[in-house]
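Each chain, letter by letter, is given below.
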Amino acid sequence: MTQVDVKVDGVAYRDDVEPRTLLVHYLREQLGKVGTVVGCDTSNCGACTVLLDGRSVKSCSVLAVQADGREVTTIEGLSGADGALHPVQQAFHDEHALQCGYCTPGMIMAACDLLRDNPDPSETEVREGIEGNLCRCTGYQNIVRAVQRAAKATVTS
Amino acid sequence: MTATAERPAEIGQARRRKEDARLVTGRTMWTDNLTLPGMLHMAILHSPVAHARITRIDVSGARQRPGVVAAFSGQDFKDVQGTIPCAWPVTEDTVVPNHPSIAVDQVNHVGESVAVVVARSKAEAQDALEAIDIEYEPLPPVLDMEAALADGAPLVHPDLSSNKSFTWEFESGSAGTGRAIDDVLRDADVTVTRRFRQQRLIPAFLEPRSTVVQPQGEGVTVWSSTQVPHVLRTLMSLSLGIPEHKLRVIAPDVGGGFGGKLQVTPEEFLTTLVARRLGKPVKYTESRSELMMSGHHGRDQIQDVTITATRDGRLTGLDVHILADMGAYLRLITPGIPILGAFMYNGIYKFDAYRFVCDGVFTTKTPTDAVRGAGRPEATFAIERIVDELAVELGMDPMDLRRKNWITHDQFPFTTVTGITYDSGNYEAATDRALDLIEWDELKKEQAERRARHDTVQLGLGISTFSELCGWAPSRLLGALRYAGGGWEQATVRVLPTGKVEVVTGASPHGQGNETTWSQIVADRLGVPFDDVEVLHGDTQTSPRGWDTYGSRSAAVGAVAVSNAALRVVEKAKRVAAHLLEASEDDMEFVDGKFSVRGTPGAEKTIQDLAFEAFAAHDMPEGVEPNLDAEATFDPVALSFPHGTHLCAVDVDTETGRVTIRKYVCVDDVGTVINPLIVEGQVHGGVAHGIAQALYEEAVFDDDGNLTTGTLVDYMVPSAVDLPSFTTDRTVSPSTTNPLGVKGVGETGTIASTPAVVNAVVDALRPFGVNDVRMPCTPERVWRALQGGTR
Amino acid sequence: MIPAAFDYVRPSTVDDAVAALAAAGDDAKVLAGGQSLLPVLRLRLSYPSTLVDLGRIESLRGVRDDGDALVIGAMTTHDEVLHDALVARHAPLLAQAAATVGDRQVRHLGTLGGSLSHADPAGDLPDVALTLDASLDVVGPSGSRTVAAHDFFVDYLTTVLAPDEVLTAVRVPKLGADWATHYEKFNRMAQAWPIVGVAAAVRRSNGSIAEARVGLANMGSTPLRASAVEQALAGADASADAVRAATEHAAEGTHPPSDLSGGADYREHLARVLTRRAVMAAAGIQP
């Protein structure tokens, strides 16, 4: 076991983990952060995307021990303290950018990361920005619309 | 009595979905999120070989590993595991092999379960799999369908006499639905024959399957990531001998299905067997790579198609022979999948004669079953592809050939050469709109210019004018097709004492947004606010009856049941209102959720008032039971037939073979639209899925029967970069087979888009002498087609 | 799937990393960004006894100007490389290729040193390192050495690195202002590895191509230089016809694999087409 100190969604945790524990399993099983999900074992699908020190990573391809001393933001830490949806969450709802919703937490986190770098992405830039996240339901069109809508909302707010 | 007048109707509104609140915040209840006190974790050892006898298996080593509670092989369950049921033996003599949940003495495809370990943690269970000792004596793999049917071929199941499961036939002459096909073939002016291959697909829903089983005394509760909790309950009860009333199945939030979770799985059975043996709750969540091998696949057919026409382009005959790969076993509806297409090969066209013959073939591969569209994409592909080839043979424009032969809007209802009656449609309107939207004439002009210039990148234009059958229901029809189940749907509507409404549906969704759509319908029927309606589903304890969600059936069947139940509530409320207002029922008016007495201003009761009065039941009319509840079961008398015109423009780089979709336009007619936002979303996803078959996805086995596309690295599910934006529009020809006029939209896009794309690719390459490209049309396949063409 | 158990060491200096590797023996593995390693561990295709995580060795990160060359720390991520001003100015080919690696998430964690040490012949960055005549700083128990990229890649997923050696930095010679570059990647889908990748660097002089370098990804068991093309381009006209003629040699001396994405003959064909496109794009020649 190895000790990790990690801040997740604003809360500091100190836990013992096996070195082989993937970050996503630590989040889900030790912290109960089941909003972040696992969709594959080759890091293709992106369903497990979280922010690590503010940058998107696939939490199935990071060891929990690698997150020691760092800060993780999951889908559960996005909305405000009053429960208000984050602009990206709101835009996904408004544009019907999800159906089954399994890819959604990862897709939203990937979109947040993209918008941090590029606050006003073109359609092509959005598509390239979320290429690491697979969705089987939507055909991506409404996801693209949602990310662009969130960009506008963020710029004007 | 009218339902609404003042407030805008909910039906037809682009309501944002109720489901989203939990999905966008990560507060979803996926099966794998569930943790029960004392819950154990199961890991499965899968066969690494396609076909072999198990000569020795020893799991005792695994039992010594840390954290391990138990380890089992097939020997431990051989007398109690029953068989995974096949609910659709399509002929009287369909051969149905025994399908154990865990192999006992033989494995028949890579990925089949051979042993399990149960441990305190998932990691420990997986670790201990490595201590299982197993020896295999190889048997020859059976991979090629034609070779499998040859005399002396090695048998997948040595106890059966051949690798053929069934032959299913339809012929219009003998069925009395048209002329004899052999006569028409003999007399044909023009005959075109093609062999098409439907590659093997993997459904690739995003949420891997997961099952949690909690045994409690005699009772068992099963949580499973399934499309079909009701089907699972009944079949598990029959197969494993668990009394049905002691078995509760819950499908919590389900992360996509696309037919892939329309299954009663070996893993669900095995988890249940193990949990009951141990008397402890057990969870099994598979990894993606396990799912790719073990979850059912789809398509995988060889289609030999002959079409005939008169010299002036009137279609006369269609002769279809299919080899359908069943894989190693028959799962829930494996044999029925190609038969679902049998009634669609004629597409939207009028034929004199038609024959369809399908052989179901066993191979040592993962079993096949439903993948979005299930049978109809194969049929639509074949007809839409071969109509294009016939047009070339006739020297006709492919759209002109279609127009000449399709059913015109004034001919509905129209009984086709298969004997099935199409309810409604307007192919002319959808096609004209689509041609406009894509600017077809401009594209044609550009194509001619680029051909003349010998551009490296050529433009291809593809057409798909499709129809499909939806609303998988009429129970009488299903029975006639030898499907074991029914197709009705049941719903309950309850107005609670405070006026809020609970709707119980048997059509348990997994991304379709039924909670939203059903709420819209009930809000309209009862005149209550949309937000006052809650939809309950996916738990056999709260919604005991239903046939679940697949085959684009939930709106055409389930929504109608909901609507009918709501109308019954209104009827009951009217009796209560008339009684309380001391008026005749005939004088009651119902507008915006309020009953009033015609001609008596001020005499009124809201449905919420009535709900409380009926709850208190102090003064009910004679013979009326307390509470505003009603139940309805809807079993339609006929199917519904959505249709549409999909047009696709592709750029094909003739040097590299890369295909890029430049424009995609679809105009669909799915009947009455309850929620346009959801309908459009379904079309987007469906089209994307069909494009994926045309260009990207294929499950490939090597010569030893190993799945070489066993991860998402090699099985190419398209990302946002790999797909275009779609232009969508609709025409509306309400269905005449249900009172809502809805048809179904879950699969239309998938069914329509594949041939539109491949027709476009072939069109681009036509000047190079190319007349077909096998799916998926990868850059390499396109390049090879160009090398083989004659310019 | 969950990886098999292993020991974990997180040294804070290169010397400690080397010592940890030496102590752990042949079954130890270096954890750089982990973007190739973690999936392999999850699928249990590899059972290292120990992972030595270089993630906290600050000296391995960042790009610095070293006169004629850039020195890029092995643990510099793809994302850092593609956004780095020095790289953009002196080695834009590397930035262009780094931008095509994996996806945003992978680029946030994956590292240049990790990619080169992994030595996948389909990798974009080994090809670029070879094309740019990079040299690689390696530290082991007996000290440090510098290895030319040309000598670094030995075979499929195999480099000259000994089990107890660590790649610490990549030295990328600066290209002068008369050089122009292009990376042409051809894959079946956005996320997929390239079927073939071509890195091209061209020095133009008075309407002709004075010098060219061409590197091929996924045309053999290591990245390869298309030497016949380079020779044919040297002194050739900067014209479409001349480039076309020269790049017809692109598949010479290659041994491409046949797999699901393409047969060897298709790859040879692609190598010719993509090399032409890459060289023309780099040289600014209109087709």
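Because the structure is a prediction, the values reported are computed rather than measured.

Student: Is there a simple way to explain the overall build of chain C in this structure?
Tutor: Check the secondary structure of chain C and you find twelve helices and 14 strands. Rg of the C-alpha trace for chain C: 19 Å, near the compact-globule value of 19 Å for 287 residues, within the 12% margin. Based on the C-alpha atoms only, the size of chain C along its principal axes is roughly 60 × 45 × 30 Å. Scored against the burial criterion, the 287 residues of chain C give a buried share of 58%. For chain C, restricting intrachain contacts to residue pairs at least 6 apart in sequence, the fraction spanning at least 24 positions comes to 64%.

Student: Looking at this model, I keep getting lost on the overall build of chain A. Mind explaining?
Tutor: Across its full length, chain A carries five helices and five strands. When its helices and strands are written in sequence order, chain A yields β-β-α-β-β-β-α-α-α-α. Relative to its length of 157 residues, chain A is compact, with a C-alpha radius of gyration of 15 Å against a globular reference of 15 Å. With respect to the three principal axes, the spread of C-alpha positions in chain A is 45 × 35 × 25 Å. The proportion of buried residues among the 157 residues of chain A is 68%. Partitioning the intrachain contacts of chain A with sequence separation of at least 6 by distance along the chain shows that 59% fall at a separation of at least 24.

Student: Where do I start with helix 11 (residues 240-247) of chain C in this structure?
Tutor: Each α-helix winds once per 3.6 residues, and so residues spaced three or four apart point in a common direction. All names here are of chain C. When helix 11 is considered as a whole, its buried residues turn out to be V243, A246 and T247. Around the axis of helix 11, the buried residues are gathered within 90° of arc, so they sit on the same side. Where helix 11 is buried, its residues contact helix 10 (227-233) and helix 12 (264-283).

Student: What am I meant to see in the interface of chain A and chain C here?
Tutor: A common way to report how large an interface is uses the accessible area buried once the components associate. On the chain C side, the residues contacting the 24 residues of chain A number 25 residues. Mapped onto the side of chain A that touches chain C, the elements with two or more residues apiece are strand 4 (55-58) and helix 3 (104-117) of chain A. Among the residues making up the side of chain A that touches chain C, the classes are represented as six nonpolar, eleven polar and seven charged.

Student: Can you help me understand the interface of chain A and chain B in this one?
Tutor: Contact residues are listed per partner, giving 44 residues for chain A and 43 residues for chain B. Considering only residue class, the side of chain A that touches chain B consists of 20 nonpolar, 17 polar and seven charged.

Student: Any chance you could explain the environment of E268(C) here in plain terms?
Tutor: Residue and element names in this part refer to chain C. Relative to the helices and strands, E268 resides in helix 12. Note on E268: 18 C-beta atoms within 10 Å, which makes it partly exposed. Along the primary structure E268 and A217 are separated by 51 residues, whereas in three dimensions their C-alpha atoms are 12 Å apart. Once residues within four sequence positions are removed from consideration, E268 is found in contact with A251, T254 and P256.

Student: What is the right way to read the sheet that holds strand 28 (residues 727-730) of chain B from this model?
Tutor: For sheets, the rule is that strands pair by backbone hydrogen bonds, running either parallel or antiparallel. All names here are of chain B. Taken in spatial order, the four strands line up as 18-26-27-28 in an open sheet, and their pairing is mixed. Both outer strands of the open sheet, strand 18 (457-467) and strand 28, are each paired with one neighbouring strand and no more. Averaged over all pairs of adjacent strands, the angle between their axes in this sheet comes to 10°, without regard to strand direction. Direction of pairing for strand 18 relative to strand 26 (residues 643-653): antiparallel, over a ladder of eleven bridges. Counterpart to Q458 in the pairing with strand 26 is V652.

Student: Would you take a moment to explain the environment of L31(C) for this structure?
Tutor: Residues and elements named next belong to chain C. Relative to the elements of secondary structure, L31 occurs in strand 2 (residues 28-31). Along the sequence, L31 and A134 sit 103 residues apart, while their C-alpha atoms lie 22 Å from each other. Setting aside chain neighbours within four positions, we find L31 in contact with L37, L51, V52, D53 and L54.

Student: How should the nonpolar core be read in this particular structure?
Tutor: A general trend in soluble globular proteins is that nonpolar side chains are found buried together. All names here are of chain B. Core analysis: the largest hydrophobic core is formed by 393 residues, its most contacted members being V116 and V761. Sort the elements by how many residues they give to this core and helix 17 (residues 554-580) lands first, with 14 residues. Discounting chain neighbours no more than four positions away, the residues touching V116 are M42, A43, I44, A71, F72, I102, L270 and V274.

Student: Teacher, can you tell me more about the pairing of strand 3 (residues 68-73) of chain B here?
Tutor: For a regular strand, side-chain orientation follows a simple rule: the groups alternate between the two sheet faces. Residue and element names in this part refer to chain B. Within strand 3, five of the six residues are buried, which leaves the element mostly enclosed by the surrounding structure. In this sheet, strand 5 (residues 113-119) lies alongside strand 3 in antiparallel orientation, the contact comprising five bridges. Within the sheet, the bridge partner assigned to A71 lies in strand 5 and is V117.

Student: Even after reading the chapter, I still don't get unusual backbone geometry, so can you show me in this structure?
Tutor: Trans is the prevailing form of peptide bonds, just as negative phi is the prevailing case for residues other than glycine. Residue and element names in this part refer to chain B. A cis amide bond links F412 to the next residue, P413, at an omega of -10°. Note that P413 resides in the loop between helix 12 (398-405) and strand 16 (414-415). In this model, R482 sits at a positive phi of 70°, which is unusual for a non-glycine residue. On the basis of neighbour count, R482 is assigned to the partly exposed category, with 17 C-beta atoms found within 10 Å.

Student: Please explain the packing of helix 16 (residues 514-526) of chain B against helix 17 of chain B as it appears in this structure.
Tutor: Axes are the key here: two packed helices are described by the angle between their axes and the distance separating the axes. All names here are of chain B. Two elements in contact, helix 16 and helix 17, have axes separated by 9 Å at closest approach and are oriented at 30°. Relative to helix 17, the element helix 16 lies roughly parallel. Regarding helix 16 and helix 17, the two cross each other, and that crossing is right-handed. Of the residues in helix 17, those in contact with N514, T517, W518, I521, V522, R525 and L526 of helix 16 are S554, A555, A559, V562, S563, A566, L567, V569 and V570. Here the contact of helix 16 with helix 17 is built from residues that sort into eleven nonpolar, four polar and one charged.

Student: Could you clarify how one ought to interpret the sheet that holds strand 4 (residues 106-107) of chain B in this entry?
Tutor: All names here are of chain B. Taken in spatial order, the three strands make up an open sheet running 4-2-6, and their pairing is antiparallel. Strand pairing shows two members of the sheet lacking a second neighbour, strand 4 and strand 6 (133-138), which therefore form its edges. Bridge analysis of strand 2 (residues 52-58) against strand 4 gives two bridges, and the strand direction is antiparallel. Counted as the bridge partner of A52 is V107 from strand 4.

Student: I keep staring at the environment of T516(B) and nothing clicks. Help me out?
Tutor: Residues and elements named next belong to chain B. Note that T516 resides in helix 16. On the basis of neighbour counts, which here come to 24 C-beta atoms within 10 Å, the residue T516 falls in the buried class. For the pair T516 and F530, spaced 14 residues apart in sequence, the C-alpha separation works out to 8.5 Å. The contacts of T516, once residues within four sequence positions are left out, are R15, R17, K18, E19, N675 and I678.

Student: How should I be thinking about the pairing of strand 2 of chain C in this particular structure?
Tutor: Residue and element names in this part refer to chain C. As judged from the four bridges shared by strand 2 and strand 3 (residues 50-53), these two strands associate in the parallel manner. If you follow A28 over to strand 3, its bridge partner there is T50. Crossover strand 2 to strand 3 through helix 2 (residues 37-42) is right-handed.

Student: Is there a simple way to explain the confidence of the model for chain C in this structure?
Tutor: Caution applies to low-pLDDT regions: their predicted coordinates should not be interpreted in detail. Taken residue by residue, chain C gives an average pLDDT of 96. The fraction at 70 or more is 100%. Scored as a whole, the predicted complex attains pTM 0.97, and scored at its interfaces, ipTM 0.97.

Student: What exactly am I supposed to notice about the packing of helix 17 of chain B against helix 18 (residues 607-616) of chain B here?
Tutor: All names here are of chain B. The interhelical angle for the contact between helix 17 and helix 18, taken along N-to-C directions, is 85°, at an axis separation of 10 Å. Regarding the angle of helix 17 to helix 18, the classification is roughly perpendicular. Across the interface between the two elements, A573, V576, A577 and L580 from helix 17 touch I607, L610, E613 and A614 from helix 18. When grouped by side-chain class, the residues that make up the contact of helix 17 with helix 18 number seven nonpolar, no polar and one charged.

Student: Can you help me understand helix 21 (residues 779-788) of chain B in this one?
Tutor: Residues P779(B), E780(B), V782(B), W783(B) and A785(B) constitute the buried set of helix 21 of chain B. Buried residues along helix 21 of chain B sit against strand 26, strand 27 (659-669) and helix 20 (748-765) of chain B together with helix 12 of chain C.

About the cut-offs
- Residues numbered from 1 in each chain as written.
- Chains lettered and ligands numbered in written order.
- Predicted model: local features only at pLDDT ≥ 70, side-chain atom pairs only at ≥ 80, totals over all residues.
- Helix = DSSP H or I, 4+ residues; strand = E, 2+ residues; numbered from the N terminus.
- Rg over C-alpha atoms; globule rule 2.2 N^0.38 Å.
- Buried ≥ 20, exposed ≤ 12 C-beta atoms within 10 Å, placed from the backbone.
- Contact = placed C-beta atoms within 7 Å.
- Arc of directions from axis to C-beta.
- Nonpolar A, V, L, I, M, F, W, Y, C, P; charged D, E, K, R; others polar.
- Pairing = 2+ DSSP bridges.
- Axes fitted to C-alpha atoms, helices over the stretch in contact; angles between N-to-C directions.
- Core = buried A, V, L, I, M, F, W, Y, C linked by C-beta atoms within 7 Å.
- Parallel < 35°, antiparallel > 145°, perpendicular 65-115°, else oblique.
- Left-handed = near helix turned anticlockwise from the far one by under 90°.
- Right-handed = clockwise from strand over helix to strand, strands pointing away.
- pLDDT = per-residue confidence, 0-100.

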